[in-house]
Amino acid sequence: MPTETCILTTKDLTILEVMRERCLGRDDPLAPILKRKIESALVVFRDDVRVNVATLSSRVAFRVDGREPDTRILSHDRMNGSAGLFLPITTPRGLALLGLAEGEDFFLTDHEGREERVVLEKVHYQPEAARLEREALSSSSAPAQRKPSLKLVRGALYNEPRLVPAGSDDFDGPGPSAA
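Residues numbered from 1 in each chain as written. Predicted model: local features only at pLDDT ≥ 70, side-chain atom pairs only at ≥ 80, totals over all residues. Heavy atoms only, no water.

Is there a simple way to think about the sheet that holds strand β7 (residues 115-125) in this case?
The strands that make up a sheet are held in pairs by hydrogen bonds between backbone atoms, and each pair lies either parallel or antiparallel. Overall, mixed pairing links the five strands, which are arranged β5-β4-β3-β7-β6 in an open sheet. Looking at the sheet topology across the chains shown, the edges are occupied by β5 (86-88) and β6 (105-109). The sheet shows a mean angle of 45 degrees between the axes of neighbouring strands, taken without regard to direction. Where strand β3 (residues 59-64) and strand β4 (residues 70-75) come together, four bridges link them in antiparallel fashion. Its bridge partner being in β4, Arg59 is matched across the sheet by Ile73. (Pairing = 2+ DSSP bridges. Helix = DSSP H or I, 4+ residues; strand = E, 2+ residues; numbered from the N terminus. Axes fitted to C-alpha atoms, helices over the stretch in contact; angles between N-to-C directions.)

Now the structure itself:
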């Protein structure tokens, strides 16, 4: 078997370690996959993970044994929502994809000894990259171009929360229309 490298964020590694602790023993089909992933892990901070690496909540396109590609969102567990939208890392294929970079593959063996090859084709969305992009955009915007921020003020009117422009320290109540 070729040398594997799995790139995991600190958060993803922690989740896999918890999953391994909760395994039902050697008969758990995820146990050998978790072992391979954790032992081959290159752990990085979320700001340092490359944009072409599949992390938790990434939308990825992948192939199994050369069949047509499929696109799913890697999720922590079974999610309520549209059928076929999520691929939990609590399944062998979802777990196999976590930590792969585009073009990399992972070989799975089922309980009957058959092997299947899972290839990560493309990372369409990665939450860590999207967060960094948002931060870069907000830091490069001039103050006049930024959207106004709001703060929550409690007790402004009958103890109901109200939104007022942030930085407006001269809040003087609801105004004449409230009378």
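Looking at this model, I keep getting lost on unusual backbone geometry. Mind explaining?
Outside of glycine, negative phi angles account for most residues, and trans bonds account for most peptide bonds. Even without being glycine, Ser57 reaches a positive phi, approximately 75 degrees. The topology assignment puts Ser57 in the loop between β2 (41-44) and β3. Of note in the backbone geometry, Asp65 takes a positive phi value of approximately 50 degrees without being a glycine.

Where do I start with helix α4 (residues 127-140) in this structure?
Residues spaced three or four apart along an α-helix face the same direction, because each turn holds 3.6 residues. Along its 14 residues, α4 runs 20 Å from first to last C-alpha, staying within 8% of the 20 Å computed at 1.5 Å per residue. All of the buried residues along α4 are Glu128, Ala129, Ala130 and Arg131. (Expected span 1.5 Å × (residues − 1). Buried < 20%, exposed > 50% of the residue type's maximum accessible area, 1.4 Å probe, protein only.)

What should I look at first to understand the pattern of salt bridges in this one?
When the charged atoms of two side chains with opposite charge come close together, those side chains can pair. Summed over the entire model, instances satisfying the criterion amount to nine salt bridges. The residue Lys35 makes a salt bridge to Glu39 at a minimum N-O spacing of 2.9 Å. Residue Lys35 and its partner Glu39 are both found in helix α2 (residues 31-39); the two are separated by four residues, about one turn of the helix. Members of the salt-bridge network, linked through shared partners, are Asp47, Arg131 and Glu135. (Salt bridge = Lys/Arg side-chain N within 4 Å of Asp/Glu carboxyl O.)

So what exactly am I meant to see when it comes to the packing of helix α1 (residues 10-21) against α2 here?
Packed helices, taken two at a time, are described by the angle their axes make and the gap between the axes. Orientation of α1 relative to α2, taken along the N-to-C sense of each, is 145 degrees, at an axis distance of 10 Å. The hand of the α1/α2 crossing is left-handed. Counted together, Leu13, Leu16, Glu17, Met19 and Arg20 of α1 and Leu34, Lys37 and Ile38 of α2 form the full contact between these two elements. Along the lines of polarity and charge, the residues of the contact of α1 with α2 split into five nonpolar, no polar and three charged. (Left-handed = near helix turned anticlockwise from the far one by under 90°. Contact = heavy atoms within 4.5 Å. Nonpolar A, V, L, I, M, F, W, Y, C, P; charged D, E, K, R; others polar.)

Would you explain the nonpolar core in this entry?
As a rule of thumb, soluble globular proteins bury nonpolar side chains together. Counting residues in each nonpolar core, the largest one holds 30 residues, and the members touching the most others are Leu16, Val60 and Leu97. Of all the secondary-structure elements, those providing two or more residues to this core are β1 (6-9), α1, α2, β3, α3 (92-97), β6 and β7. Those residues within four positions of Leu16 in sequence are excluded, and the remaining contacts are Leu8, Leu34, Lys37, Ile38, Ile89, Leu95 and Leu98. With five residues, the next largest nonpolar core counts Val44, Val49, Val53 and Ala101 among its residues. (Core = buried A, V, L, I, M, F, W, Y, C linked by side-chain atoms within 4.5 Å.)

Would you mind going over α1 with me for this structure?
For α1, with twelve residues, the first-to-last C-alpha span of 17 Å sits near the 16 Å given by 1.5 Å per residue. Listed as buried for α1 are Asp12, Leu13, Ile15, Leu16 and Met19. For α1, the angular spread of the buried residues around the axis is 160 degrees, confining them to a single face. Relative to its buried face, α1 has exposed residues pointing more than 90 degrees away, namely Lys11 and Glu21. On its buried face, α1 is in contact with β1, α2, β2 and α3. (Arc of directions from axis to C-beta.)

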